[in-house]
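One-letter residues, chain by chain:
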Amino acid sequence: LSGAIVLPSNVSLTGKGKATQLFVARNSNNAAIVNSDPVNGNKGIILDDFRIYGNKLSQNSGSNIYFRRVTDSVLSNLEIRESRNSGVDILAGSNGNTLKNLQISHSDHNGLVISESHNNRVSRLLTENNGNSGLWIFNGEQNTLSQIYTFGNKYSGIEIEASNNTLTDIISANNNHSGVYLTKASV
């Protein structure tokens, strides 16, 4: 990918498992996948069953998936590796999304970021060996997280700077700072 795949509302991008691999081109400095309207928002985007390699060693910027104001969408069965920034960014009013069966590793920043977004459901998430936290929630409420596994991240496995989120079935080990780090947060 020499540029980002730009997805409008109600579109599916579906692969055939590990055989479907998207590679970010050298020095492209883009996200691999973005939504088409980050100002007014998009809805009903489905990403399913493929791998993304961010090629972080030859990039100056770019998260592998960068969604801003995306609602009622599904990300499932994805392996996301080697992002220059975060593996997946769910930002600024991205509400009511489902993220399930994701593996996010070797990003320079966080594995998964949910920022200023509410009512998202995350299940069966594995984050490992990311440059900051495996999962970071900032100013997002009513997110439900279950079956979250975080290992070997440079900061925390899970960092939450938000209130009223639900966590169940969490395993977090061998992270440099802490397994679960709550700051300005309640769970």
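Note: the structure precedes this text.
Residues numbered from 1 in each chain as written. Predicted model: local features only at pLDDT ≥ 70, side-chain atom pairs only at ≥ 80, totals over all residues. Heavy atoms only, no water.

Turning our eyes to something else, we now look at the pattern of salt bridges. A complete count under the given rule lists three salt bridges for this structure. One salt bridge connects Glu79 with Arg51, and the closest N-O pair in it is separated by 3.0 Å. Placement of the pair is Glu79 in strand β9 (residues 74-81) and Arg51 in strand β6 (residues 46-53), with a sequence separation of 28 residues. In this structure, Lys56 engages Asp108 in a salt bridge whose closest nitrogen and oxygen atoms are separated by 3.3 Å. (Salt bridge = Lys/Arg side-chain N within 4 Å of Asp/Glu carboxyl O. Helix = DSSP H or I, 4+ residues; strand = E, 2+ residues; numbered from the N terminus.)

In this section: the sheet that holds strand β4 (residues 33-35). By way of backbone hydrogen bonds, the strands of a sheet pair with one another, either parallel or antiparallel. Taken in spatial order, the eight strands line up as β1-β4-β7-β10-β12-β14-β16-β18 in an open sheet, and their pairing is parallel. Two strands in the sheet have a free side with no partner beyond their single neighbour: β1 (5-7) and β18 (178-182). Between one strand axis and the next, the sheet turns by 10 degrees as a mean value, whatever way the strands run. As paired elements, β1 and β4 share three bridges and run parallel to each other. In the sheet register, Val6 faces β4, and the bridge partner there is Val34. (Pairing = 2+ DSSP bridges. Axes fitted to C-alpha atoms, helices over the stretch in contact; angles between N-to-C directions.)

Below, the discussion takes up the pairing of strand β15 (residues 144-151). With seven bridges joining them, strand β13 (residues 121-128) and β15 adopt parallel strand pairing. The residue of β15 that forms the bridge with Leu125 is Ile148. Pairing between β15 and strand β17 (residues 166-173): seven bridges, direction parallel. Its bridge partner being in β17, Tyr149 is matched across the sheet by Ile171.

To continue, consider the nonpolar core. As a rule of thumb, nonpolar side chains are buried together in soluble globular proteins. By size, the foremost hydrophobic cluster in this structure holds 31 residues, and its most contacted members are Ile33, Leu47, Ile65, Phe67, Leu75 and Leu112. What Phe67 contacts, discounting residues up to four positions off in sequence, is Ile33, Val34, Asn35, Ile45, Leu47, Leu75, Asp89, Ile90, Leu91 and Ser94. (Core = buried A, V, L, I, M, F, W, Y, C linked by side-chain atoms within 4.5 Å. Buried < 20%, exposed > 50% of the residue type's maximum accessible area, 1.4 Å probe, protein only. Contact = heavy atoms within 4.5 Å.)

The next subject is the packing of aromatic side chains. Under the defined criterion, the tally for this structure stands at three aromatic pairs. An angle of 10 degrees between the planes, with centres 5.1 Å apart, marks the rings of Phe23 and Tyr53 as stacked. Separated by 30 residues along the polypeptide, Phe23 in strand β3 (residues 21-23) and Tyr53 in strand β6 bring together distant segments of the chain. Aromatic side chains Tyr155 and Tyr181 sit 6.0 Å apart centroid to centroid with 85 degrees between the ring planes, which places their arrangement in the edge-to-face category. Of this pair, Tyr155 sits in the loop between β15 and β16 (156-161) while Tyr181 is found in strand β18, placing the two residues 26 residues apart along the sequence. (Phe/Tyr/Trp six-rings, centres within 6.5 Å; stacked < 30°, edge-to-face > 60°.)

Remember, this is a structural readout, not a statement about activity or role.
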